[in-house]
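Residues per chain, in single letters:
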Amino acid sequence: MSDTAVTADARAARRAAFRAGVRECLPMMPPYIPFGLVCGVASVQAGLGEWGALALAAFAFAGSAQAVLTQFLISGAPLLVAVLSGLVVNLRMAVYSAAIAPRLAGASRGQRILWAAFLVDQTFMFDEVRHQRGEHRDAAFSFYLGTATVLWPWWLLMNGIGAFVGAQLPASWQLEFTIPLSFVALVVPLLKARPQAMAAVVGGVAGVALFALPLKLGLIAACLIGTLAGLATDALLARREWRRSQAGDAS
Amino acid sequence: MSVDSLGSVNGWIAIVLLAVGTFIIRFSFIGLLAGKTLPPRFARMMQLAVPAIFAGLVLPLIVIGSHGFALDERWPHVIAAIVTGLVAAWRGGMFLPVVAGMAVLHGILALVA
């Protein structure tokens, strides 16, 4: 008796979590509009075709990497360099994957595949916030599915409109410039910490300086140089901290 | 290799490679390496690689025109990007900063023309 009551309760909790996931995602929909449209337009410009644009949005489901891949193909980079650059942008998802993994102790193989399939910045942030609030993990998967149920079709729709309609918009609108602008909007909040800011400044300057490097390898080089600059800043800050603590002990 | 010569087969290869590679990255610790943890130094490098690669990607798109580095040609785009950055720092999100930047860009271009 009590078992069925518990499972009914659990089911109700899961349904509520799914609905909460849908609800909390609704404010995330407008920001997807310009980015999704532009990714769709860029895919067509890159020669992927309208259906290729949709397939890329559906199976990569990663706006930044889609934009990087298409920008690189448009600028004439070799296919493997374009793909590699897109994957480097997605490496941050390995950090998300590592952060979420310990919370999935009881998850089945199928659930793990779904967790991985829809792991993007927004869905990760939602789960991170719920985890930090100490919410029960039983309903986390349902909440996650709720967020994915909104964001994935919406992303597909925006990319599709961009690919089928947006490519016919006048070039004078310079719609493609929303790609760098949306990257600026993504990266600015990361720059509050000094190592990240240093990585960005050095990476940006290197990106411009090495722009003419053959095979469009400039971006990957800029990423490496910027990352090293960030690590160096880490080391400098740590040493300054250590000196300060030494001085504090002496006084 | 120009856009025209990117055959449809090559396009689909790019799509499949990016999709499969991205899934492997996402599935890495959730499925493939379940139970393993990320070495802290590697995690830190990936945190720093994100701003580095975005800046390395963005700055050329802003300042490099049709004939290489050209601030005299691209200054409206530079100002638009600064406005987007300021709005993003102030309010966060993506919609408002991007719309503000595009509005400034077209405002300047309309004034200059």
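Reading the values: rules and limits
- Residues numbered from 1 in each chain as written.
- Chains lettered and ligands numbered in written order.
- Predicted model: local features only at pLDDT ≥ 70, side-chain atom pairs only at ≥ 80, totals over all residues.
- Heavy atoms only, no water.
- Helix = DSSP H or I, 4+ residues; strand = E, 2+ residues; numbered from the N terminus.
- Buried < 20%, exposed > 50% of the residue type's maximum accessible area, 1.4 Å probe, protein only.
- Contact = heavy atoms within 4.5 Å.
- Salt bridge = Lys/Arg side-chain N within 4 Å of Asp/Glu carboxyl O.
- Polar contact = N/O pair within 3.5 Å; in protein donor to acceptor, adjacent residues only side chain to side chain.
- Expected span 1.5 Å × (residues − 1).
- Phe/Tyr/Trp six-rings, centres within 6.5 Å; stacked < 30°, edge-to-face > 60°.
- Lys NZ or Arg CZ within 6 Å of the ring centre and 35° of its normal.
- Patch = residues over 30% accessible without salt bridge, like charges linked within 9 Å, V, L, I, M, F, W, Y side chains within 5 Å.
- Areas by Shrake-Rupley, 256 points an atom, 1.4 Å probe, with all protein chains shown as cover.

## Quick word on the environment of Leu17 of chain B
Piece 1. Assignment of secondary structure puts Leu17 of chain B in helix H1 (residues 8-32).
Piece 2. With a relative accessible area of 35%, Leu17 of chain B lands in the partly exposed category.
Piece 3. Sequence-wise, Leu17 of chain B and Arg91 of chain B are 74 residues apart; in three dimensions their C-alpha atoms are separated by 36 Å.
Piece 4. The contacts of Leu17 of chain B, once residues within four sequence positions are left out, are Leu79, Leu80 and Val83 of chain A.

## Focus: the pattern of salt bridges
A side chain of one charge can pair with a side chain of the opposite charge if their charged atoms are brought near each other.
Piece 1. Under the defined criterion, the tally for this structure stands at eight salt bridges over all chains.
Piece 2. When the shortest N-O distance is used, the salt bridge between Arg133 of chain A and Glu135 of chain A registers 2.4 Å.
Piece 3. Overall, Glu135 of chain A belongs to the partly exposed group, its relative accessible area being 30%.
Piece 4. For the salt bridge of Asp234 of chain A with Arg44 of chain B, the shortest nitrogen-to-oxygen distance reads 2.6 Å. Taken together, the residues Asp234 of chain A in helix H12 (residues 218-250) and Arg44 of chain B in helix H2 (residues 40-63) connect one chain to another.
Piece 5. Three or more residues are tied together by salt bridges with common partners; here these are Arg103, Asp127, Glu128 and Arg137 of chain A.

## Some remarks on the side chain of Asp127 of chain A
Residue and element names in this part refer to chain A.
Piece 1. Inspection of the secondary structure assignment puts Asp127 in helix H8 (residues 121-132).
Piece 2. Of note is the side chain of Asp127, whose polar atom sits 2.7 Å from the side chain of Arg103.
Piece 3. For Asp127, the side chain forms a polar contact with the side chain of Arg137, separated by 3.3 Å.
Piece 4. Once residues lying within four places of it in the same chain are set aside, the contact partners of Asp127 are Ile100, Arg103, Trp115, Arg137 and Ala140.

## Remarks on helix H5 (residues 79-90) of chain A
Residues and elements named next belong to chain A.
Piece 1. With twelve residues, H5 ought to run about 16 Å at 1.5 Å a step, and its terminal C-alpha atoms sit 17 Å apart, in line with that.
Piece 2. Counting buried positions over the twelve residues of H5 gives ten, a clear majority of the element.
Piece 3. When H5 is considered as a whole, its buried residues turn out to be Leu79, Val81, Ala82, Val83, Ser85, Gly86, Leu87, Val88, Val89 and Asn90.

## As for the packing of aromatic side chains
Centre distance and the angle of the planes are the two values used to describe a pair of aromatic rings.
Piece 1. Under the criterion given, the structure shown has twelve aromatic pairs over all chains.
Piece 2. Seen in terms of ring centroids, Phe35 of chain A and Trp155 of chain A are 6.0 Å apart; in terms of plane orientation they differ by 50 degrees. Their pairing is tilted. Residue Phe35 of chain A is found in helix H2 (residues 29-45), and its partner Trp155 of chain A is found in helix H9 (residues 140-164); the two are separated by 120 residues along the sequence. The pair formed by Phe35 of chain A and Trp155 of chain A is uniform in burial state, with each residue classed as buried.
Piece 3. Cluster of aromatic residues (ring-pair linked, three or more members): Tyr32, Phe35, Trp155 and Phe183 of chain A together with Phe54 of chain B.
Piece 4. Taking the ring centre of Phe143 of chain A as reference, the NZ or CZ of Arg130 of chain A above it sits at 4.3 Å.
Piece 5. Sitting above the plane of the Trp90 of chain B ring, Arg91 of chain B keeps its charged end 5.3 Å from the centroid.

## A short note on a nonpolar patch on the surface
Piece 1. A cluster of nonpolar side chains, Trp51, Leu157, Ile161, Phe164 and Val165 of chain A together with Trp12 of chain B, forms an exposed patch at the surface whose accessible area comes to about 600 Å².
Piece 2. Among the elements that line the nonpolar patch, the one with the most residues is H9 of chain A, at three residues.
Piece 3. Here Trp51 of chain A shows up in helix H3 (residues 49-60).
Piece 4. Under the relative-accessibility criterion, Trp51 of chain A is labelled exposed at 60%.

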